[in-house]
Structure formats: structure tokens, C-alpha cells
Amino acid sequence: QDISVEAFEIADKVMNYASIVLDCELNANLVFTLADHLNFAIKRHEQGVNLKLPIVTDIEQLFEQEIDVGRYALTLIQDRLQISLPKVEAAYIALNIINSEFNNMRKDGDINDKIIQDITVLIERNFNIKIDIESFSYSRFVSHMYYLLKREKKNHRIKSDNKRLYQSLVDTYPKTYQCLLQIKNYFNTACDWNLADEECLYLMLHINRLYAREDCYQ
């Protein structure tokens with residue numbers, strides 16, 4: 001009852017656009033969660049409350065299509081309501097889309113879950129740690145892994161100009177790189193996939209986060 005009709009109508013258009021851009025089935029509840037989010041985003045803006053999202057750069061790099069959907073939503077709001085929301089809201093909207101995709105992917109998930117579990121064990125053995133599967137870092141890692149698996153199955157590769165950064169990580173974190181090589185070998189043997197350098201770069205970043213977090217204990 002508290003959500004405006006305009007928010008529902010915009011959410012419906014955004015959901016339809018997302019299903020076309022992402023070419024996937026989205027959770028039917030998305031229209032409600034998205035309308036709720038848009039309603040509160042507009043109220044926050046009217047009250048002069050601006051939120052920060054520390055992982056906005058990660059979202060922009062890893063989920064380009066979902067960010068595109070978020071920007072589309074901001075354009076709709078501007079055109080329909082003459083309200084200019086801050087750019088960070090595109091990332092928050094993208095997170096709603098990501099969660100909707102993620103929930104559906106989990107339903108497919110026995111094979112994916114086994115792959116992620118196997119790789120988690122590989123990381124634990126390499127660093128002699130126990131990963132806290134309730135931690136935010138692990139949640140981000142799992143979410144990244146689901147999208148990596150989705151991209152590989154569709155033969156869709158990340159494109160970036162980060163090859164120098166990847167080589168820098170290889171040189172700076174040799175132990176992480178050795179762990180990465182084992183993961184690459186796992187994918188090659190179990191799935192017949194050869195991970196591209198861009199995928200390896202993001203995997204190394206996530207592995208480092210898991211290893212460095214205080215909630216991973218030896």
C-alpha cells in the first residue's frame with residue numbers, strides 16, 4: 001500500500017528490459033522488491049539522504065549488463081518523474097537484478113554447488129585456513145563463482161584492459177597464483193574450460209579477500 005503506482009510501473013518496465021538484456025528467467029518476486037527499492041530510493045533522494053556503496057566498482061566490472069539495467073531504470077525515473085537519482089543507485093538496482101538471477105541459478109545448482117565446494121576446499125588446503133561460509137567475503141566469492149560458471153557455459157568472456165594488473169598480481173602474490181593454477185587445472189579437467197586471464201584476475205582478487213579476512217582462521 002505504501003508503494004506508488006509509478007514505482008510499480010517503472011519496476012515492471014525495468015524487469016522486462018532486464019529479461020531481454022540478460023536473456024534469462026528472473027525471479028517473479030523481482031517486480032515487488034524492485035518497486036519497493038525504487039520507492040525508498042526516491043524518498044531518500046527527496047529527503048537529501050545519499051547512500052554509499054563500497055563495492056560499486058566491483059559491480060560495474062563484474063556485472064556490466066546488470067549495471068546497464070540499473071542505468072536504464074534511472075533514465076526511466078528521470079523521464080517519468082523528472083527525478084534525477086545519483087549514479088550509485090544504478091548499482092543498487094543492479095544488485096536487485098543480480099539477486100534475482102542468483103536465486104534462480106541456485107535452483108539449477110547441484111553441479112554448480114559441487115564445483116564451488118571443490119574450489120573452496122582447494123583454497124582452504126592451499127592456505128591452511130578454514131573459510132567462514134557465513135562471511136560477506138565468502139558470499140561475494142560464491143556470487144562471483146555462479147556468474148563465472150554462467151559465463152563459461154555460455155562461452156561469454158569478460159573483456160577488460162587489466163592484463164598488466166593481472167601480471168602484477170601474479171608477481172606480488174605467488175602463493176595465490178599457485179592456488180589459482182590448481183583451480184585452472186580443476187576447471188580444465190572437470191569442465192574442459194580454459195579460464196581467460198581476465199577471469200583469473202578476478203578470481204585472484206576474491207581468493208586474496210578470503211585469505212586476508214579476519215574471519216578466516218588457521
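Per chain, residues are indexed from 1 in the order of the written sequence. Under the rules for a predicted model, residues below a pLDDT of 70 receive no local features and side-chain atom pairs below 80 are neither given nor counted, while totals for whole chains, interfaces and linings still include all residues. As a convention, hydrogens and water are excluded, and side-chain values are obtained from all of the structure's heavy atoms.

## Topic: empty space enclosed by the protein
Over the atoms rolls a probe the size of a water molecule, and its path tells where empty space is left. Going by this rule: Grid points spaced at 1 Å and placed over the protein atoms alone form the basis of the search, with a cavity being a set where a 1.4 Å probe fits but cannot get out and a pocket an open set showing protein on both sides within 12 Å along at least five of seven lines. Lining residues have an atom within 4 Å of a point. Grid points are joined across faces, edges and corners, and a volume is the space filled by probe spheres set on the points. Per the convention used, a helix needs a DSSP run of H or I reaching at least four residues, while a strand needs a run of E reaching at least two, with both numbered from the N terminus. Nonpolar residues are Ala, Val, Leu, Ile, Met, Phe, Trp, Tyr, Cys and Pro. Charged residues are Asp, Glu, Lys and Arg, and all others, Gly as well, are polar.
Summed over all chains, the structure comprises one cavity of 30 Å³ or more. In this model, the largest cavity occupies a volume close to 30 Å³. Residue lining of the largest cavity: A41, R44, H45, V49, N50, L51, P86, V88 and E89, and that is the complete set. Mapped onto the lining of the largest cavity, the elements with two or more residues apiece are α2 (30-46) and α5 (88-108). Among the elements that take part in the lining of the largest cavity, α2 stands out by supplying three residues, more than any other. The residue inventory of the lining of the largest cavity, partitioned by class, reads five nonpolar, two polar and two charged.

## A few points about helix α8 (residues 163-172)
Let me state the cut-off plainly: The buried label applies to any residue whose accessible area, calculated with a 1.4 Å probe on protein chains only, is under 20% of its type's maximum; exposed applies above 50%, and partly exposed to all values in between. The arc in question is formed by the directions pointing from the helix axis toward the C-beta atoms. Any pair of residues with heavy atoms lying within 4.5 Å of one another is described as a contacting pair.
All of the buried residues along α8 are Y166, L169 and V170. Burial along α8 is one-sided: seen end-on, the buried residues are contained in an arc of 100°. Away from the buried face of α8 by more than 90 degrees, exposed residues R164 and D171 are located. On its buried side, α8 packs onto α9 (174-191) and α10 (197-212).

## Topic: the pattern of salt bridges
What counts, and what does not: Note on definitions: salt bridges are taken to be side-chain nitrogens of Lys or Arg within 4 Å of carboxyl oxygens of Asp or Glu.
Scanning the model with the defined rule gives three salt bridges in all. The shortest N-O distance in the salt bridge between E9 and R80 comes to 2.1 Å. Separated by 71 residues along the polypeptide, E9 in helix α1 (residues 5-22) and R80 in helix α4 (residues 64-81) bring together distant segments of the chain. A residue is classified by how much of its surface remains accessible, and E9, at 33% relative accessible area, is partly exposed. Its relative accessible area of 39% is what places R80 among the partly exposed residues. For E89, the salt bridge identified is with R44, shortest N-O distance 2.6 Å. Of this pair, E89 sits in helix α5 while R44 sits in helix α2, placing them 45 residues apart in sequence. The exposure classification of E89 matches that of R44, with both residues buried.

## Concerning the side chain of N126
Convention followed: Two N or O atoms count as a polar contact when they lie within 3.5 Å, although within protein this holds only if one can serve as hydrogen donor and the other as acceptor, and sequence-adjacent residues are included solely when both atoms are side-chain atoms.
The topology assignment puts N126 in helix α6 (residues 110-127). A distance of 2.9 Å separates a polar atom in the side chain of N126 from the backbone oxygen of L122.

## Section: the packing of α1 against α4
Filter applied, for reference: Fitted lines through C-alpha atoms give the axes, limited to the stretch in contact for helices. The angle between two N-to-C directions lies from 0 to 180 degrees. Should the near helix be turned anticlockwise from the far one by less than a right angle, the crossing is left-handed, and should it be turned clockwise, the crossing is right-handed.
Where α1 meets α4, the axes come as close as 10 Å, and the angle between the chain directions of the two elements is 150°. Relative to α4, α1 is oriented so that their crossing is right-handed. Contacts between α1 and α4 pair E6, E9, I10, K13, V14, Y17, A18, V21 and L22 from the former with Q65, E66, D68, V69, Y72, A73, L76, I77, R80 and L81 from the latter. Taken together, the residues of the contact of α1 with α4 sort by class into 12 nonpolar, one polar and six charged.

## Some words on the nonpolar core
So the rule is basically this: Among buried residues, those of type Ala, Val, Leu, Ile, Met, Phe, Trp, Tyr and Cys that are joined through side-chain atoms within 4.5 Å constitute a nonpolar core.
By size, the foremost hydrophobic cluster in this structure holds 31 residues, and its most contacted members are I116, I119, I123, F141, I183, F187 and L203. Listed by contribution, the elements that provide at least two residues to this core are α6, α7 (136-153), α8, α9 and α10. In this structure I183 touches I119, L122, I123, L203 and I207, once residues within four positions along its chain are discounted. Among the nonpolar cores identified, the runner-up in size contains 24 residues, and I10, A11, V31 and L34 belong to it.

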